[in-house]
Amino acid sequence: MSSQSLPTAIVTGAGSGIGRAIAHRLASDGYAIIVADRAAAPAAETVRQLQDNGHEARAVVLDITDPIATQALIDGATNLRVLVNNAGIFNVIPFDTLTADDFRGMYEVNLIAMFTLCQQAARVLPEGGRIINLASRAAFGARHYAHYVASKAGVAGFTKALALELAGRQITVNAIAPGVIETDMLLERPDGLDEMRAQQPTGKLGKPEHIAHAAAFFASPLAEYVTGQVLIVDGGRSVGGTAAF
């Protein structure tokens with residue numbers, strides 16, 4: 001199959017971690033990948049890895065809070081079939097020092113930018129198109145980052161609302177809520193890793209590939225009748241409660 005006839009998947013934040021893993025998995029499932037990231041070097045590395053494995057991929061470097069840049073991203077995606085909204089930010093700020101600007105900054109990236117991309121993509125996605133949003137298990141409650149919790153709860157709620165809006169066009173909209181995943185950002189804070197593992201029913205932390213498998217399911221024909229769902233992928237941690245990790 002020529003690269004021009006491949007279905008295209010956009011994965012935001014695909015320069016590393018979960019986004020990179022999703023890009024690899026969707027590429028292996030037959031998608032041409034647009035690696036969208038704010039950092040040029042990591043995006044280029046993901047593209048290099050994909051191309052070395054024989055996959056079709058290219059990078060788009062952008063600020064996802066810029067609606068002009070995101071519209072250009074959508075306009076340049078030939079044969080778009082899947083949008084994965086993975087890009088997001090996270091920081092720890094105790095409630096008593098949180099500011100309105102902290103909330104606004106978190107919402108601009110984690111929720112408003114996602115809404116904008118969904119709206120722009122929905123205008124061109126055909127019947128059978130897929131939108132996959134990255135929420136977080138933290139959306140169900142966590143300490144020390146209420147602004148992040150609120151933004152990801154917004155992702156979960158927005159996903160359900162948009163699923164109803166687009167159901168008549170046979171476009172599915174689902175979300176994945178990861179638990180603690182071994183990304184570079186997490187591994188840079190090794191002081192708490194042992195405690196995190198001890199809290200997991202499985203005794204181990206998740207890997208980016210675990211989230212990629214969930215994304216692949218939502219993008220596949222197997223999920224044709226699944227929409228408006230938030231799939232928690234956390235090794236069972238949420239079964240015993242949703243306390244902060």
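Not measured: the values here are computed from a predicted model.

### A few points about the side chain of Gln49
Then comes step 1: Its place among the elements puts Gln49 in helix H2 (residues 40–52).
Then comes step 2: Looking at Gln49, its side chain comes within polar contact range of the side chain of His24, at 2.9 Å.
Then comes step 3: The contact partners of Gln49, leaving out residues within four places of it in the chain, are Arg20 and His24.

### Overview of helix H5 (residues 146–166)
Then comes step 1: A rise of 1.5 Å per residue sets the reference length of H5, with its 21 residues, at 30 Å; its end C-alpha atoms lie 30 Å apart and thus fit the reference within 8%.
Then comes step 2: Considered for burial, the residues of H5 that qualify are His147, Tyr148, Val149, Ser151, Lys152, Val155, Ala156, Thr159, Leu162, Ala163 and Leu166.
Then comes step 3: Where H5 is buried, its residues touch helix H4 (100–122), strand E5 (130–134), strand E6 (172–178) and strand E7 (230–233).

### A closer look at the pairing of strand E4 (residues 80–85)
Then comes step 1: With five of its six residues buried, E4 lies for the most part within the structure.
Then comes step 2: Bridge count for strand E1 (residues 8–12) against E4 is four bridges, and the pairing is parallel. Looking at the pairing, Thr8 lines up with Leu80 of E4.
Then comes step 3: Pairing geometry for E4 and E5, over four bridges, is parallel. From the neighbouring strand, Val82 faces E5, where its bridge partner is Arg130.
Then comes step 4: Regarding the hand of the β-α-β motif, the stretch spanning E4, H4 and E5 is right-handed.

### Topic: the sheet that holds E4
Picture the strands of a sheet paired through backbone hydrogen bonds; they go either parallel or antiparallel.
Then comes step 1: Within the open sheet, the seven strands sit side by side as E3-E2-E1-E4-E5-E6-E7. Their pairing is parallel. Bordering the open sheet on either side are strand E3 (57–61) and E7, each of which pairs with just one other strand. The mean angle between the axes of side-by-side strands here comes to 20 degrees, regardless of whether they run parallel or antiparallel.
Then comes step 2: The strands that H2 touches are strand E2 (32–37) and E3; relative to E3, the one it contacts most, it runs at about 170 degrees.
Then comes step 3: Strand contacts of H4: E1, E4 and E5, with the helix running at about 175 degrees to E4, the strand carrying the most contacts.

### Notes on the UniProt feature "domain: Ketoreductase" (unreviewed entry) in the chain
Then comes step 1: Feature annotation in UniProt places "domain: Ketoreductase" (unreviewed entry) on residues 7–184, given in this structure's numbering.
Then comes step 2: Taken end to end, residues 7–184 is 44% helix and 19% strand, and its first and last C-alpha atoms sit 30 Å apart.

### Overview of the environment of Ser28
Then comes step 1: With respect to the helices and strands, Ser28 occurs in helix H1 (residues 17–28).
Then comes step 2: Taking the C-alpha atoms as reference points, Ser28 and Leu83, 55 residues apart in sequence, are found 16 Å from one another.

### Concerning the pattern of salt bridges
Then comes step 1: For the structure shown, the criterion picks out six salt bridges.
Then comes step 2: With a closest N to O distance of 3.0 Å, Arg104 and Asp101 form a salt bridge. Of this pair, Arg104 and Asp101 are both found in helix H4, three residues apart, which corresponds to roughly one turn of the helix. The pair formed by Arg104 and Asp101 is uniform in burial state, with each residue classed as exposed.
Then comes step 3: Put simply, Glu182 and Lys207 hold a salt bridge, and the shortest N to O gap is 3.2 Å.

### Description of the packing of H1 against H2
Then comes step 1: The interhelical angle for the contact between H1 and H2, taken along N-to-C directions, is 25 degrees, at an axis separation of 11 Å. In this view, H1 runs roughly parallel relative to H2, as classed from their interaxial angle. Considering how the two elements wind past one another, H1 and H2 form a crossing that is right-handed. In this structure, H1 contributes Arg20, Ala23, His24 and Ala27 to the contact, and H2 contributes Pro42, Glu45, Thr46, Gln49 and Leu50.

### Description of the environment of Asp63
Then comes step 1: Along the chain, Asp63 turns up in the loop between E3 and helix H3 (67–75).
Then comes step 2: With a relative accessible area of 45%, Asp63 lands in the partly exposed category.
Then comes step 3: Along the backbone, Asp63 and Pro42 are 21 residues apart, and their C-alpha atoms lie at a distance of 14 Å.
Then comes step 4: Residues in contact with Asp63, not counting those within four places in the same chain, are Ala69 and Thr70.

Reading the values: the criteria
Within every chain, residues take consecutive numbers counted from 1 along the sequence as written. Only residues with pLDDT of 70 or above have their local features reported here, since the model is predicted, and side-chain atom pairs are shown and tallied only from 80 upward, although totals for entire chains, interfaces and linings are computed over all residues. The basis for the side-chain values is all heavy atoms of the structure; hydrogens and waters are excluded. Secondary structure elements are taken from DSSP: a helix is a run of H or I of four residues or more, a strand is a run of E of two residues or more, and numbering for both begins at the N terminus. As used in this structure description, the phrase polar contact means that two N or O atoms lie within 3.5 Å; if the pair is within protein, one of them must be able to donate a hydrogen and the other to accept it, and residues adjacent in sequence are counted only when both atoms belong to side chains. Contacts between residues were defined by any pair of non-hydrogen atoms, one from each residue, lying within 4.5 Å. By this rule, a helix spans an expected 1.5 Å times one less than how many residues it contains. Note on exposure labels: buried denotes an accessible area under 20% of the residue type's maximum, exposed denotes more than 50%, and partly exposed covers the range between, all computed with a 1.4 Å probe on protein chains only. Should DSSP find at least two bridges between two strands, the strands are taken to pair. If the strands point away from the viewer and the path from the first strand over the helix to the second runs clockwise, then the crossover is right-handed. What counts as an axis is a line fitted to C-alpha atoms, over the stretch in contact for a helix, and the angles between N-to-C directions run from 0 to 180 degrees. UniProt positions are given in the numbering used here, feature names are shortened, and annotations may be inferred rather than shown by experiment. The rule for a salt bridge is simple: a side-chain nitrogen of Lys or Arg has to be within 4 Å of a carboxyl oxygen of Asp or Glu. Here is the rule for angles: anything less than 35 degrees is roughly parallel, anything more than 145 is roughly antiparallel, 65 through 115 is roughly perpendicular, and the remaining ranges are oblique. For any helix crossing, the convention is left-handed if the near helix is rotated counterclockwise from the far helix by under a right angle, and right-handed if that rotation is clockwise.

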